[in-house]
Amino acid sequence: MSGREMPDRANAVPVFRQLYVRYRDAISSGQLKPGDRVPSVRALASELNLARGTVEAAYQLLIGEGYLETRGPAGTIVCPQLSTPTSSIPPAPPAPAAYNGIHTGRAPLSLQMGLPALDAFPRKTWTRLASRVIQQGGLDGMIYPNPQGDEALRVALTRYLAISRGIACTPDQVFICAGYRACLELISRSVLKAGDRGWFEDPGYFLARRFFEETHTRLVPVPVDEQGLCVDVGVERAPDARFAVVTPSHQSPLGVSLSLPRRQALLAWASDQRSWIIEDDYDSEYRYVGRPLPALKSLDTQGRVLYTGTFSKVLIPGLRLAYLVVPNEQVAHFARMADALQNHCPQLLQRTTATFIEEGHFARHLKRMRSLYAHRRTLLSDALTARLGERMQLELRAGGMHVLAGLADGLEDSAIADRASRAGLALQALSEWYQDAPARQGLLMGFTNVKDADSAADIAERIAGLLD
């Protein structure tokens, strides 16, 4: 019987555990049947030349889990209540279904969108600040956190938003969330319900569209032109929509800005209908012509704009930190829902980010990144124009972290994007960002991690091969 084979003392698994596994498997496979007697501790220890305590430890595990039962002077037996296995060979478990997520945790591909310059992140400064936060941490870092987020970070954000985005708010109006999707989750659970209709930019951010589809809201595609969202079309298609999702400072993915007349029209519609505007201000800090545009929220006098921002684009996505600013009269309602959702971000990361902002490192980092990104965008656009000028027309906007390239007739963007992925390039097909047909053909490329002219030229050459 397998339980009486000599254990492998060289094995990293403890001897008592090896013995336990052998008896358990013998019982499970039917080699030992319910009611069968097993050797006494003394007899088995003598037979295997083991200490009695080792055998006792294995038997106690088996008794505790119900495999064995002690009968006093009658000895120890296999539990009579165990069912007899129908087969000595257990069925193999089914192979897990493969799933390719948007974020895999692996190293990013070249030209990946939405990714800041990882080589330019101030690691030493960040590590020093995080170490100080740990050393100075007190009770607030050990107890259950405030569901709205760390107060120091919310205070720092109100000061930053007032200066850079023209948004006047209090720390109570700010909610820290674990990414943009978590912001949408809090909004959806607080002021929306299944079946609500909402305007959605077409083309628009596909992950946000996927979220609203999963929550069973009905999205009404509203076209985008050179002045941004066509508000008049939205009013025509769904005048009573409960919400509108917009990227007014830098439209995702076309890169245009929502004009002032349309901002005013959008705010007037929301005020008249008592509808909500969800403003996604994802990378407005990066503008290379003039100063960053004020946020749509800065014009909101009726409390209809729910403003979202993220540190994924301006610092690093690994922080999983985003924020939501709600109207003052909605604070209590959102706070109650945030408490129920338990949407917490690590206290260490929140407090370190707050310190990073308060000590001026954030402002200096943004200034450096604007200059660096302007240079890297030029590197990529010059290389693509030189190599593919007749087959690809670049549309360079005033800001952002990606470029859009229109394709010559006869080229299909989704097929090119598929080939690019297999070749290690993260090109995205513009057509996949559309909800309504017909969709434009184009390629979206992040340029923030294009480090030099040689790598830009290599990328252009590889893309040329994909177009062929």
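Residues numbered from 1 in each chain as written. Predicted model: local features only at pLDDT ≥ 70, side-chain atom pairs only at ≥ 80, totals over all residues. Heavy atoms only, no water.

Draft legend 1. Main features of the packing of helix α2 (residues 41-48) against helix α3 (residues 52-64). Relative to each other, α2 and α3 sit at 125°, their axes nearing to 9 Å. Relative to α3, α2 is oriented oblique. Considering only the axes of α2 and α3, their crossing is right-handed. Touching V41, R42, L44 and A45 of α2 are R52, V55, E56 and Y59, all from α3. Split into classes, the residues belonging to the contact of α2 with α3 amount to five nonpolar, no polar and three charged. (Axes fitted to C-alpha atoms, helices over the stretch in contact; angles between N-to-C directions. Helix = DSSP H or I, 4+ residues; strand = E, 2+ residues; numbered from the N terminus. Parallel < 35°, antiparallel > 145°, perpendicular 65-115°, else oblique. Left-handed = near helix turned anticlockwise from the far one by under 90°. Contact = heavy atoms within 4.5 Å. Nonpolar A, V, L, I, M, F, W, Y, C, P; charged D, E, K, R; others polar.)

Draft legend 2. Looking closely at the environment of A238. In this fold, A238 is placed in the loop between α8 (231-237) and β8 (243-246). What makes A238 buried here is its relative accessible area of 0%. Sequence separation between A238 and G75 is 163 residues; the distance between their C-alpha atoms is 80 Å. If we ignore the near neighbours within four places in the chain, the residues touching A238 are R197, W199 and V220. (Buried < 20%, exposed > 50% of the residue type's maximum accessible area, 1.4 Å probe, protein only.)

Draft legend 3. Fine view of the side chain of D300. Position of D300 relative to the elements: it lies in the loop between β9 (276-280) and β10 (305-310). A distance of 3.1 Å separates a polar atom in the side chain of D300 from the backbone nitrogen of G303. Beyond its immediate stretch of four places on either side in the chain, D300 contacts L267 and V305. (Polar contact = N/O pair within 3.5 Å; in protein donor to acceptor, adjacent residues only side chain to side chain.)

Draft legend 4. The packing of helix α4 (residues 123-136) against helix α11 (residues 347-358), seen in detail. Following both chains from N to C, one finds α4 and α11 inclined at 120°, their axes separated by 9 Å at the closest point. One way to sum up the angle between α4 and α11 is to call them oblique. The interaxial crossing formed by α4 with α11 has right-handed handedness. Packed against α4, whose contacting residues are T125, W126, L129, A130, R132, V133 and I134, the element α11 presents L348, L349, R351, T352, T353, T355 and F356 at the interface.

Draft legend 5. Representation of the pairing of strand β5 (residues 197-202) within the structure. The buried fraction of β5 amounts to five of the six residues, a majority that puts the element mostly inside the structure. Where β5 meets strand β6 (residues 218-225), six bridges bridge the pair, whose relative direction is parallel. When the sheet's bridge partners are listed, D202 is paired in β6 with P223. Read from β5 through helix α7 (residues 206-214) to β6, the crossover connection turns out right-handed. (Pairing = 2+ DSSP bridges. Right-handed = clockwise from strand over helix to strand, strands pointing away.)

Draft legend 6. Local environment of the sheet that holds strand β2 (residues 68-70). Taken in spatial order, the three strands of this open sheet run β1-β3-β2, and their pairing is antiparallel. Every other strand in the sheet has two partners, leaving β1 (37-38) and β2 as the edge strands with one partner each. Here β1 runs beside strand β3 (residues 76-78); their pairing, made up of two bridges, is antiparallel. Bridge assignment links R37 to a residue of β3, and that residue is I77.

Draft legend 7. Spatial organisation of the pattern of salt bridges. According to the stated counting rule, one finds 20 salt bridges in the structure shown. Note that D150 is salt-bridged to R351, the shortest N-O span being 2.6 Å. Separated by 201 residues along the polypeptide, D150 in the loop between α4 and α5 (151-164) and R351 in helix α11 bring together distant segments of the chain. (Salt bridge = Lys/Arg side-chain N within 4 Å of Asp/Glu carboxyl O.)

Draft legend 8. A look at the UniProt feature "domain: HTH gntR-type" (unreviewed entry) in the chain. As recorded in UniProt, the feature "domain: HTH gntR-type" (unreviewed entry) lies at residues 13-81. For residues 13-81, the end-to-end C-alpha separation is 30 Å, with 52% helix and 12% strand making up the annotated structure. (UniProt positions renumbered as here; feature names shortened; annotations may be inferred.)

Draft legend 9. Main features of the packing of aromatic side chains. Following the criterion strictly, the structure yields 16 aromatic pairs and no others. Where Y286 meets Y373, the ring centres are 4.9 Å apart and the plane angle is 70°; that geometry is what we call edge-to-face. Of this pair, Y286 sits in the loop between β9 and β10 while Y373 sits in helix α12 (residues 361-388), and the two are 87 residues apart along the sequence. Exposure remark for Y286: the relative accessible area of 1% places this residue in the buried category. Residue classification places Y373 among the buried positions, given a relative accessible area of 0%. What links up through ring pairs into an aromatic cluster is the set F121, W126, Y160, F311, Y323, F356 and F362. (Phe/Tyr/Trp six-rings, centres within 6.5 Å; stacked < 30°, edge-to-face > 60°.)

Draft legend 10. Up close: the nonpolar core. Membership of the largest hydrophobic core comes to 59 residues, with the highest contact counts inside it found for F311, M392, L427 and I463. The element contributing the most residues to this core is α12, with nine residues. By size, the runner-up hydrophobic cluster in this structure holds 27 residues, among which are F175, Y180, L184 and F211. (Core = buried A, V, L, I, M, F, W, Y, C linked by side-chain atoms within 4.5 Å.)

Draft legend 11. Structural context of the sheet that holds strand β12 (residues 392-395). What the four strands build is an open sheet, ordered β12-β13-β15-β14; its pairing is antiparallel. Strand pairing shows two members of the sheet lacking a second neighbour, β12 and β14 (428-429), which therefore form its edges. The sheet contact formed by β12 and strand β13 (residues 402-407) spans four bridges and is antiparallel. Residue L394 lies in a different strand from β13, and its bridge partner there is A405.

Draft legend 12. Structural view of α5. Given a rise of 1.5 Å per residue, 14 residues ought to cover 20 Å, and the 20 Å separating the end C-alpha atoms of α5 matches this to within 8%. Turning to α5, its buried residues number three or more, namely L153, R154, A156, L157, T158, Y160 and L161. In this fold, the buried residues of α5 make contact with β4 (174-177), β10, β11 (322-325), α11 and α12. The backbone nitrogen of A152 lies 3.3 Å from a side-chain oxygen of the residue at the head of α5, namely D150. Looking one or two residues past α5, G166 carries a phi angle of roughly 70°, positive in sign. (Expected span 1.5 Å × (residues − 1).)

Draft legend 13. Local environment of unusual backbone geometry. Across the junction of D202 and P203, the peptide omega takes the value 10°, indicating a cis bond. Residue P253 is reached from S252 by a cis peptide bond, and omega for that bond is 20°. Here P253 shows up in the loop between β8 and α9 (260-273). The backbone of N49 shows a phi angle near 55°, a positive value even though the residue is not glycine. Its place among the elements puts N49 in the loop between α2 and α3. Classification of N49 as exposed rests on a relative accessible area of 61%. Positive phi values are uncommon outside glycine, yet H216 reaches one of about 65°. Of note, H216 is situated in the loop between α7 and β6. Accessibility expressed as a relative area gives 58% for H216, which makes it exposed.

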